[in-house]
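# Secondary and tertiary structure notes
The lines below spell out each chain.
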Amino acid sequence: MKNLSSLARLLSYLRANSKGGQVSALGIECLLYVAQAPKTFRELSELTGAPKAQISRAVLAMTPRWDSKKEELIEPHLHLLNRDKKRLSLVGAPFYKVTLSKGGKHLLREAGLI
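### Brief notes about the nonpolar core
Leu14, Leu44, Ile55, Val59, Leu80, Leu81 and Val98 are the most contacted members of the largest nonpolar core, which has 22 residues in total. Broken down by secondary-structure element, the contributors of at least two residues to this core are α1 (2-17), α2 (25-36), α3 (41-48), α4 (52-60), β5 (95-100) and α5 (102-111). If near-sequence neighbours (up to four positions away) are discounted, Leu14 is found in contact with Val23, Ile28, Leu78, Leu80 and Leu107.

### Brief notes about the sheet that holds β5
Within the open sheet, the three strands sit side by side as β1-β5-β4. Their pairing is antiparallel. Of all the strands in the sheet, the pair left with one neighbour each is β1 (39-40) and β4 (81-86). When β1 meets β5, the two strands line up antiparallel, connected through two bridges. Within the sheet, the bridge partner assigned to Thr40 lies in β5 and is Lys97. In the packing of α2 onto the sheet, contacts are made with β1, β4 and β5, and the angle to β5 comes to roughly 85°.

### Remarks on the pairing of β5
Pairing geometry for β4 and β5, over six bridges, is antiparallel. Pairing of Arg83 across the sheet is with Val98, part of β5.

### Regarding the packing of α2 against α4
Axis angle and axis distance: for two packed helices, these are the angle between their axes and the distance between the axes, and together they describe the pair. For the pair α2 and α4, the least separation of the axes is 9 Å and the interaxial angle reads 80°. The orientation of α2 with respect to α4, classified from their angle, is roughly perpendicular. Across the interface between the two elements, Leu26, Gly27 and Cys30 of α2 pack against Gln54, Ile55 and Ala58 of α4. Here the contact of α2 with α4 is composed, by residue class, of four nonpolar, two polar and no charged.

### Description of the packing of aromatic side chains
Applying the stated criterion across every chain, the model contains one aromatic pair. Above the face of the Tyr96 ring, Arg83 is positioned so that its terminal group lies 4.3 Å from the ring centre.

### Some words on the environment of Leu78
With respect to the helices, strands and loops of the structure, Leu78 is situated in the loop between β3 (72-74) and β4. Using a relative accessible area of 17% as the deciding quantity, one classes Leu78 as buried. For the pair Leu78 and Thr63, spaced 15 residues apart in sequence, the C-alpha to C-alpha distance is 8.0 Å. Once you skip the residues sitting within four places of it in the chain, Leu78 turns out to touch Leu14, Asn17, Ser18, Ala61 and Met62.

### Some thoughts on unusual backbone geometry
Generally, phi is negative for residues other than glycine and the peptide bonds are trans, each holding for most cases. Even without a glycine there, the phi angle at Glu71 is positive, about 55°. Tracing the chain through its elements places Glu71 in the loop between β2 (65-67) and β3.

### So, α2
An ideal rise of 1.5 Å per residue puts 16 Å on 12 residues; α2 measures up with 17 Å between its terminal C-alpha atoms. Buried within α2 are the following residues: Leu26, Gly27, Ile28, Cys30, Leu31 and Val34.

About the cut-offs
- Residues numbered from 1 in each chain as written.
- Predicted model: local features only at pLDDT ≥ 70, side-chain atom pairs only at ≥ 80, totals over all residues.
- Heavy atoms only, no water.
- Core = buried A, V, L, I, M, F, W, Y, C linked by side-chain atoms within 4.5 Å.
- Buried < 20%, exposed > 50% of the residue type's maximum accessible area, 1.4 Å probe, protein only.
- Helix = DSSP H or I, 4+ residues; strand = E, 2+ residues; numbered from the N terminus.
- Contact = heavy atoms within 4.5 Å.
- Pairing = 2+ DSSP bridges.
- Axes fitted to C-alpha atoms, helices over the stretch in contact; angles between N-to-C directions.
- Parallel < 35°, antiparallel > 145°, perpendicular 65-115°, else oblique.
- Nonpolar A, V, L, I, M, F, W, Y, C, P; charged D, E, K, R; others polar.
- Phe/Tyr/Trp six-rings, centres within 6.5 Å; stacked < 30°, edge-to-face > 60°.
- Lys NZ or Arg CZ within 6 Å of the ring centre and 35° of its normal.
- Expected span 1.5 Å × (residues − 1).

The following block contains the structure:
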């Protein structure tokens, strides 16, 4: 029952602190998987069954990002995740590794999940 109470607290914190009180269920699912260990978009897609495009939107809602058109940093209302661009070799496309931010760790600690 402790895990259910902790999860209920997490949902309450997210609802109370997010803009408009809305955080996607996929975003919460990604947050919980990343809390276990850093994950790539592909790994999150495999774990959740959601396409990588949906994973990207869910993660972007909780991650700061650079808008090259406006040349400005866009900060999410809740900065819970970080995206780190990685390259395995000189050949091939880079990929993103998603990790918990300090705010994400703090929120999960307050909820009693970590």
